[in-house]
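Breakdown of the fold
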Amino acid sequence: MSALPWRTPVCDRLGMDVPIFGFSHSLEVVAEIARAGGYGVFGVARELPDAIPGLLARLRDAVGDAPFAVDLMLPAGMPADDAEAEAGRAAIPEAHRAFVDGLRRRWAVPPATRPNFFSRTIRTRALFAEQVDAVLASDVDAVATAVGLALEVVARVRASGKTTIALVGTPRHASAALAAGAEVLVAQGYDAGGHTGTIGTLSLVPQVVELAGDVPVIAAGGIACGAQVAAALALGAQGAWLGTAWLGAGEAHVPAALRAKLLAAGSDDTTITRAHSGKPCRVVRSAWSDAWAEPGAPEPLSMPWQHALTGELLAAIEEHEVADPIYEAAGQSVAWLRDVEPTATILARLVEETGAALARLAEPAMRSAPAAGARPVPAAPSDPAAARTPCHART
């Protein structure tokens, strides 16, 4: 790929061609992003430690010398080990168990025949330590940490020679990450899918940029088209981090019933719920999130006990593609998902749209100062294609 006119310093620092980061739980999607010049980020928080070495070896074989990162969740307050986790599972209130059994009957969900991460394990500090050990033993280029900042993990990542990336949702979190030695910050706004805070992307990013000084900041949350990437650069970010956009990738392992729901969704079809993990999490709205919000429904349990309660049922819903309750974490940018497309096509379109958006901003009519009291009226572009909105969300 030829050098982009909007290439930023983080590209040289991390070794990618395009300042677009792509997070996915799909190894194939991450590999395609890396091969196409972006920075692939493989989510391994849902992987058992003994599976991580093989997965990362496969990913390295797929991308060659192209850099990529892994993303780990390190929330505080988890049980110490499996024994403490099983004791906590046994203490789950009967009212919560009865409610989940009622949901199974309501949607006639058959039992799961294939376990997944949430049906066979509970997050513990011992599990996190084993995941970190497996990642640090690999040749991954960078490690991103989310939903928690373990100082000793950041120190170990830096000592290993890998780049440390911290996802932050508030200026306070950004200050803590900088003090811990994080080398790249991802300012993730309220618009984002998954576990998210309360500050919108447009408000959060420039605050984190100001705090970060020379430390690169990547914007995240609600970004799925080139105009939004251009806006992130205008806010002072050196790139954009996208997650939801790749749920429409052909290489993603998305059940058909879920994919149909995602392709039909608009921004207002996402909701913040604790019914997924016990922490506030933005997901595409479904009968699952609605049921937990009904009058008389119990309050979701805290992490990790909510998944200890619901893991088997959620695994069964996904396996059998039960349409009403099936869901996935998705940001407000889900409105830009329209079709199933190759990952490389999605990235190429983002690059083209970003360049077009930045070119429009550089037009003399956009840059000239209006007369006192006058409202600026940009001249019509000479290229009819440039007059189109750079990216159209579903309405």
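Heads up: these notes are all about the structure in this document. (Residues numbered from 1 in each chain as written. Predicted model: local features only at pLDDT ≥ 70, side-chain atom pairs only at ≥ 80, totals over all residues. Heavy atoms only, no water.)

1. A look at helix α5 (residues 94–107)
- Between the first and last C-alpha of α5 there are 20 Å, a value that for 14 residues agrees with the 20 Å anticipated at 1.5 Å per step.
- Along α5, the residues classified as buried are His 96, Phe 99, Val 100, Leu 103 and Trp 107. Projected down its long axis, α5 shows its buried positions confined to an angular sector of 95 degrees, all on one face. Along α5, the residues that are exposed and aim more than 90 degrees away from the buried face are Glu 94, Ala 95 and Arg 105.
- Turning to α5, the residues buried within the fold contact α13 (287–292) and α14 (305–319).
- Looking one or two places after α5, you find Ala 108, whose phi comes out positive at around 50 degrees. (Helix = DSSP H or I, 4+ residues; strand = E, 2+ residues; numbered from the N terminus. Expected span 1.5 Å × (residues − 1). Buried < 20%, exposed > 50% of the residue type's maximum accessible area, 1.4 Å probe, protein only. Arc of directions from axis to C-beta. Contact = heavy atoms within 4.5 Å.)

2. Observations concerning the environment of Ala 95
- Assignment of secondary structure puts Ala 95 in helix α5.
- Separated by 203 residues in sequence, Ala 95 and Pro 298 have C-alpha atoms that sit 7.6 Å apart.

3. Description of the sheet that holds strand β5 (residues 163–168)
- Ordered by their spatial adjacency, 8 strands build a closed barrel running β1-β2-β3-β4-β5-β6-β8-β9, and the pairing between neighbours is parallel. Strand-to-strand, the axes of this sheet are offset by a mean angle of 25 degrees, without reference to chain direction.
- Pairing geometry for strand β4 (residues 142–146) and β5, over 4 bridges, is parallel. Paired with Val 143 across the two strands is Thr 164, which belongs to β5.
- Contacting β4 and β5, helix α8 (residues 151–159) runs over the sheet at an angle of about 150 degrees to β5.
- Packed on one face of the sheet, helix α10 (residues 201–212) meets β5, β6 (184–188) and β8 (217–220) and runs near 155 degrees to β6. (Pairing = 2+ DSSP bridges. Axes fitted to C-alpha atoms, helices over the stretch in contact; angles between N-to-C directions.)

4. Quick word on the pattern of salt bridges
- All chains considered together, the criterion is met by 16 salt bridges.
- For Glu 86, the salt bridge is made with Arg 89, and the minimal N-O distance between the two is 3.2 Å. Of the two residues, Glu 86 and Arg 89 are both situated in helix α4 (residues 82–90); the distance of 3 residues between them amounts to about one turn of the helix.
- Linked by salt bridges that have partners in common, Arg 60, Asp 139 and Asp 141 make up one network. (Salt bridge = Lys/Arg side-chain N within 4 Å of Asp/Glu carboxyl O.)

5. Some words on the sheet that holds strand β11 (residues 281–284)
- Across the sheet, which stays open at both edges, the 3 strands sit in the order β7-β11-β10 with antiparallel pairing between neighbours. Lying at the two open borders of the sheet, with one neighbouring strand each, are β7 (194–195) and β10 (270–273).
- Bridge count between β10 and β11: 4 bridges; the pairing is antiparallel. The residue of β11 that forms the bridge with Ile 272 is Arg 282.

6. Some thoughts on the nonpolar core
- Leu 185, Trp 246, Leu 262, Trp 288 and Ile 317 are the most contacted members of the largest nonpolar core, which has 75 residues in total.
- Of the residues forming this core, the biggest block, 7 residues, is contributed by α14.
- Excluding anything up to four places from it in sequence, Trp 246 contacts Ile 20, Phe 21, Gly 22, Phe 23, Val 29, Ile 33, Ala 252, Thr 343, Ile 346, Leu 347 and Leu 350.
- The next biggest cluster of nonpolar side chains, apart from the first, holds 30 residues, and it includes Leu 59, Ala 66, Val 143 and Ala 150. (Core = buried A, V, L, I, M, F, W, Y, C linked by side-chain atoms within 4.5 Å.)

7. Looking at the pairing of strand β3 (residues 68–73)
- Counting buried residues along β3, 6 of its 6 residues qualify, which places the element largely inside the surrounding structure.
- Across the two faces of β3 the burial is the same, with Phe 68, Val 70 and Leu 72 and Ala 69, Asp 71 and Met 73 all buried.
- In terms of strand pairing, strand β2 (residues 39–43) meets β3 through 4 bridges, oriented parallel. By the bridge assignment for β3, Gly 43 is matched with Asp 71.
- For the segment spanning β2, helix α3 (residues 52–63) and β3, crossover handedness is right-handed. (Right-handed = clockwise from strand over helix to strand, strands pointing away.)

8. Thoughts on the packing of aromatic side chains
- By the definition in use, this model includes 8 aromatic pairs.
- On the basis of an interplanar angle of 50 degrees and a centroid distance of 6.1 Å, the ring pair of Trp 288 and Trp 292 is categorised as tilted. Of this pair, Trp 288 and Trp 292 both sit in helix α13, 4 residues apart, which is roughly one turn of the helix. As far as burial versus exposure is concerned, Trp 288 and Trp 292 are alike and both buried.
- Members of the aromatic cluster, connected to one another through ring pairs, are Phe 99, Trp 107, Trp 288, Trp 292 and Tyr 327.
- Of note, Arg 282 hangs over the ring of Tyr 190, and the distance from its end group to the ring centre comes to 4.6 Å. (Phe/Tyr/Trp six-rings, centres within 6.5 Å; stacked < 30°, edge-to-face > 60°. Lys NZ or Arg CZ within 6 Å of the ring centre and 35° of its normal.)

9. A short note on a negative patch on the surface
- A cluster of acidic residues, Asp 50, Asp 81, Asp 82, Glu 84 and Glu 130, forms a negative patch at the surface.
- Following the sequence through the fold, Asp 82 ends up in helix α4.
- Using a relative accessible area of 53% as the deciding quantity, one classes Asp 82 as exposed. (Patch = residues over 30% accessible without salt bridge, like charges linked within 9 Å, V, L, I, M, F, W, Y side chains within 5 Å. Areas by Shrake-Rupley, 256 points an atom, 1.4 Å probe, with all protein chains shown as cover. Lys, Arg positive; Asp, Glu negative; His and termini not counted. Charge placed at Lys NZ, Arg CZ, Asp CG, Glu CD.)

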